[in-house]
Amino acid sequence: MEHTRIKQLLIAEDFGQEVIVKGWVRTFRNNQFIAINDGSTLNNIQAVVDFENTDEQLLRRVTTGAAVRVKGELVQSLGKGQRVEIKVNELTILGDSDPEKYPLQPKKHSLEFLREIAHLRFRTGTFNAIFKVRNALAFAVHQFFNDRDFVYMHTPIVTGSDAEGAGEMFRVTTIDFDNVPRNEDGTVNYKEDFFGKSTNLTVSGQLEGELAAMALGNIYTFGPTFRAENSNTTRHLAEFWMIEPEMAFYELEDNMDLAEELLKYVINYALKNCPDEIAFLSNRLLEEEKSKPQSERSEMNLVDKLQFVLTNDFERVTYTDAIEILKRSKPNQKKQFKYLIEEWGADLQSEHERYLVEKHFKKPVILTDYPREIKSFYMKQNEPDAQGRHTVRAMDILFPGIGEMVGGSQREENLEKLLARMAEVGIPEHEIDWFLDTRRFGSAPHSGFGVGFERLVLFTTGMSNIRDVIPFPRTPKNAEF
């Protein structure tokens, strides 16, 4: 007889049937009541043992964390807090757990402590909920693009190019550090390396994605990306996942429409398919915020915040208008911003982005047409404005509590303009000659954007640290597990 998942048993109606459950012990009370969880749901099922007729040695092995198999009758529960329980006829220990050494006891553990034992934190209710929501969001991403006839592309993880011009990349090499091959001028001779050239872990699949879009029309990538930025904030990881669609014949407006549609679709999918998990995480957030001063608490609970994104049309504002709003804003005039906005051309910080979303417009915001100097080389250039200022057809989507959720643009399809911009920022033409071929042969308007998947999970779960929404976080001085 196969075992049944606890999620199914908790909604079962046919009492009296014999069932088998396999799972892990959460608690064992009065030598009689075992709370068992098998990961299928946040909720446990209670198994009631006839302790007077059960071997005492066996009962001693029913400890928190132990894996058990119970066989018995599914009955209506007389106790509070559960509708069904199992009257145990047969109890087997599948795997012991030493209660003196098992670090997850039936009490509240801090998120910091759980990060130290990330290999065991999946066994807590909080992380069960987080990774169920993460799973739902990932599935929804694929479903969204599949339904719209996009082609899923796997772009390289090992690359010879730096798509963002960020320069903070992890090097991939087989060179023996104790015996580095060198050229006559003392520089490293990469011809001796595995790939015969200097290679890195990718920061983005975008450039390769553009190549595919110029033949297949609409494509998307969804894979791991890497940034060797020495940052220990609650918003940064060294290894993270990116969703990056690229669309031929899309201009900036089409790009914004698709990005807004995607975000609403995946958040709505998670709300519909993970109601228990999101309710659990919403309660967790309320409990966590009770200890904070009122000024630091969220204005909306988690479900309201998710609905806020679904029910509002995203406000579309140019960078130029946003700068004027920020210059005139109270926190800027009263010098409450950490980074004061004094002139056009300033790079917006998270505090400015959140002010626009949470205080000024009170809805998600899409900022467009940023100064050319603060954006990447491949973005389509606008004609200079009346003041002679140069902007590009960029668009960033800003969310409450997070700041930037999406970064994208219409791409520069004009070869001469692209080459001139590359020369300005110092990108050698020969390094990405293959990329320039898309502008040489049948160039066309096209656009794309990137969504940091962990930021999306962070927003949807209401967690405050990005290290808690990826199974095994990679951060400076930390690559455990």
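Residues numbered from 1 in each chain as written. Predicted model: local features only at pLDDT ≥ 70, side-chain atom pairs only at ≥ 80, totals over all residues. Heavy atoms only, no water.

**A closer look at the overall build of the protein**
Just so we agree on the cut-off: Only DSSP runs of H or I reaching four residues or more are called helices, and only runs of E reaching two or more are called strands; each is numbered from the N terminus. Three exposure classes are used, based on accessible area relative to the maximum for each residue type with a 1.4 Å probe and protein chains only: buried under 20%, partly exposed in between, and exposed over 50%. Every accessible area reported is derived by Shrake-Rupley at a probe size of 1.4 Å, with residue values counting cover from the shown protein chains alone. Charged-residue counts in this description rest on Lys and Arg as positive and Asp and Glu as negative, His and the chain ends being excluded. In this description, the location of a charge corresponds to atom NZ of lysine, CZ of arginine, CG of aspartate or CD of glutamate.
Along its length, the protein carries 14 helices and 16 strands. For the protein, the C-alpha atoms occupy an extent of roughly 85 × 60 × 45 Å along the three principal directions. Scored against the burial criterion, the 481 residues of the protein give a buried share of 49%. For the protein, the accessible area works out to roughly 24,100 Å², and carbon and sulfur atoms hold 48% of it. Each charge class in the protein was averaged separately, 59 positive and 75 negative side chains, and the resulting centres sit 6 Å apart.

**Overview of the side chain of Arg-467**
Applied cut-off: Here, a salt bridge means any side-chain nitrogen of Lys or Arg that lies within 4 Å of a carboxyl oxygen of Asp or Glu. As used in this structure description, the phrase polar contact means that two N or O atoms lie within 3.5 Å; if the pair is within protein, one of them must be able to donate a hydrogen and the other to accept it, and residues adjacent in sequence are counted only when both atoms belong to side chains. Contact criterion: two residues are considered in contact whenever any of their non-hydrogen atoms come within 4.5 Å of each other.
Topologically, Arg-467 is positioned in the segment after α14 (453–461). Salt bridges are absent for the buried Arg-467, whose nearest opposite-charge side chain, Asp-468, sits at 7.8 Å. Here Asn-232 takes part through its side chain, which lies 3.3 Å from a polar atom of the side chain of Arg-467. Not counting residues up to four positions away in its chain, the partners in contact with Arg-467 are Arg-115, Arg-121, Asn-232, Thr-233, Leu-237, Pro-473 and Thr-475.

**Remarks on the pairing of strand β11 (residues 239–248)**
Put simply, the rule reads: Pairing between two strands requires that DSSP report at least two bridges joining them.
Among the 10 residues that make up β11, eight are buried, leaving the element largely enclosed by the rest of the structure. Judged from the nine bridges that link them, strand β10 (residues 218–226) and β11 form a sheet pairing that is antiparallel. Its bridge partner being in β11, Phe-226 is matched across the sheet by Glu-239.

**Let's talk about the pattern of salt bridges**
A full pass over the atoms with the stated rule returns 32 salt bridges. Residue Arg-134 pairs with Glu-454 through a salt bridge whose shortest N-O separation is 2.9 Å. Residue Arg-134 is located in helix α4 (residues 125–147), and its partner Glu-454 is located in helix α14; the two are separated by 320 residues in the primary sequence. In this structure, Arg-372 engages Glu-424 in a salt bridge whose closest nitrogen and oxygen atoms are separated by 3.9 Å. Placement of the pair is Arg-372 in the loop between β13 (365–371) and β14 (391–399) and Glu-424 in helix α12 (residues 415–425), with a sequence separation of 52 residues. Each member of the salt-bridge network shares a partner with another, and the members are Glu-253, Asp-257, Glu-260, Lys-264, Asp-313 and Arg-316.

**Thoughts on the packing of helix α6 (residues 252–273) against helix α8 (residues 302–311)**
In a packed pair of helices, the relevant descriptors are the angle between the two axes and the axis-to-axis distance. Rule in force here: Note on method: axes are straight lines fitted to C-alpha atoms, helices fitted across the in-contact stretch only, with angles between N-to-C directions ranging 0 to 180 degrees. Two helices that cross are described as forming a left-handed crossing if the nearer one is turned anticlockwise from the farther one by less than a right angle, and a right-handed crossing if clockwise. Charged means Asp, Glu, Lys or Arg here, nonpolar means Ala, Val, Leu, Ile, Met, Phe, Trp, Tyr, Cys or Pro, and polar covers whatever is left, Gly included.
Look at α6 against α8: their axes get within 9 Å of each other, and the N-to-C directions meet at 145°. The way α6 lies across α8 gives a crossing that is left-handed. Contact residues: Lys-264, Ile-267, Asn-268 and Leu-271 in α6; Val-303, Leu-306, Gln-307, Val-309 and Leu-310 in α8. Its residues placed into classes, the contact of α6 with α8 shows six nonpolar, two polar and one charged.

**As for the sheet that holds strand β9 (residues 199–201)**
One open sheet accounts for three strands, arranged β7-β9-β8; its pairing is antiparallel. Each edge of the sheet is formed by a strand with only one pairing partner; in this case those strands are β7 (158–159) and β8 (171–172). Of the strand pairs in this sheet, β8 and β9 are connected by two bridges, and their pairing is antiparallel. Across the sheet, the residue bridging to Arg-171 is Asn-200, located in β9.

**Quick word on the packing of aromatic side chains**
Rule in force here: A pair of aromatic rings is counted whenever rings of Phe, Tyr or Trp (Trp by its six-membered ring) have centres within 6.5 Å, and the orientation is called stacked for planes under 30 degrees apart, edge-to-face for over 60 and tilted otherwise.
Summed over all chains, the structure comprises 21 aromatic pairs. Ring geometry for Phe-222 and Trp-241: centres 6.0 Å apart, planes at 90°, overall edge-to-face. Of the two residues, Phe-222 is situated in strand β10 and Trp-241 in strand β11; the sequence distance between them amounts to 19 residues. Taking the relative accessible area as the measure of exposure, Trp-241 reaches 31% and is therefore partly exposed. An angle of 45° between the planes, with centres 5.8 Å apart, marks the rings of Phe-472 and Phe-481 as tilted. The exposure class of Phe-472 is partly exposed, given its relative accessible area of 29%. With a relative accessible area of 46%, Phe-481 lands in the partly exposed category. Joined through ring pairs, the aromatic side chains of Phe-144, Phe-145, Phe-150, Tyr-152, Tyr-220 and Tyr-265 make up one cluster.

**Regarding the domain arrangement of the protein**
Note the threshold: In this entry, domain limits derive from an automatic or database-based domain assignment. Buried area adds together the accessible area that both of two parts lose upon being put together, with accessible area traced by a 1.4 Å probe.
Assigned domains of the protein: these are domain 1 (6–102) and domain 2 (125–168 + 203–469). Relative to domain 2, the C-alpha centre of domain 1 lies at a distance of 45 Å. Each partner contributes to the interface: domain 1 provides six residues, whereas domain 2 provides seven residues. Contact between domain 1 and domain 2 buries roughly 430 Å² in total, counting both sides, with carbon and sulfur atoms accounting for 50%. When residues of domain 1 are sorted by the area they lose upon contact with domain 2, Arg-26, Gly-39 and Leu-42 head the list and together hold 80% of the total.

**Some remarks on helix α5 (residues 206–216)**
Helical geometry note: an α-helix holds 3.6 residues per turn, so side chains three or four residues apart project in the same direction. Every buried residue of α5 is listed here: Gln-206, Leu-207, Glu-208, Gly-209, Glu-210, Ala-212 and Ala-213. At its buried positions, α5 is contacted by β7, β10, β11, α13 (433–440) and β16 (446–452). Following α5 by one or two positions, Gly-217 has its phi on the positive side, about 95°.

**Considering the environment of Pro-445**
Along the chain, Pro-445 falls in the loop between α13 and β16. Put simply, Pro-445 and Gln-410 are 35 residues apart on the chain and 7.5 Å apart in space, counted from C-alpha to C-alpha. Once residues lying within four places of it in the same chain are set aside, the contact partners of Pro-445 are Ala-248, Phe-249, Tyr-250, Glu-251, Gln-410 and Glu-413.

**Quick notes on the pairing of strand β15 (residues 403–410)**
Here β15 lies mainly inside the structure; six of its eight residues are buried. Bridge analysis of β14 against β15 gives six bridges, and the strand direction is antiparallel. Counterpart to Leu-398 in the pairing with β15 is Glu-404. Here β14 folds back onto β15 in antiparallel fashion, the turn holding three residues, of which Gly-401 has a positive phi close to 80°.

**Points about a nonpolar patch on the surface**
Under the convention used in this document: Exposure above 30% relative accessible area and no salt bridge define the residues that can form patches, which grow by joining like charges within 9 Å and nonpolar side chains of Val, Leu, Ile, Met, Phe, Trp and Tyr within 5 Å.
A cluster of nonpolar side chains, contributed by Ile-157, Val-158, Phe-194 and Phe-195, occupies part of the molecular surface with about 390 Å² of accessible area. Positionally, Phe-195 belongs in the loop between β8 and β9. Phe-195 gets classed as partly exposed once you look at its relative accessible area, which sits at 46%.

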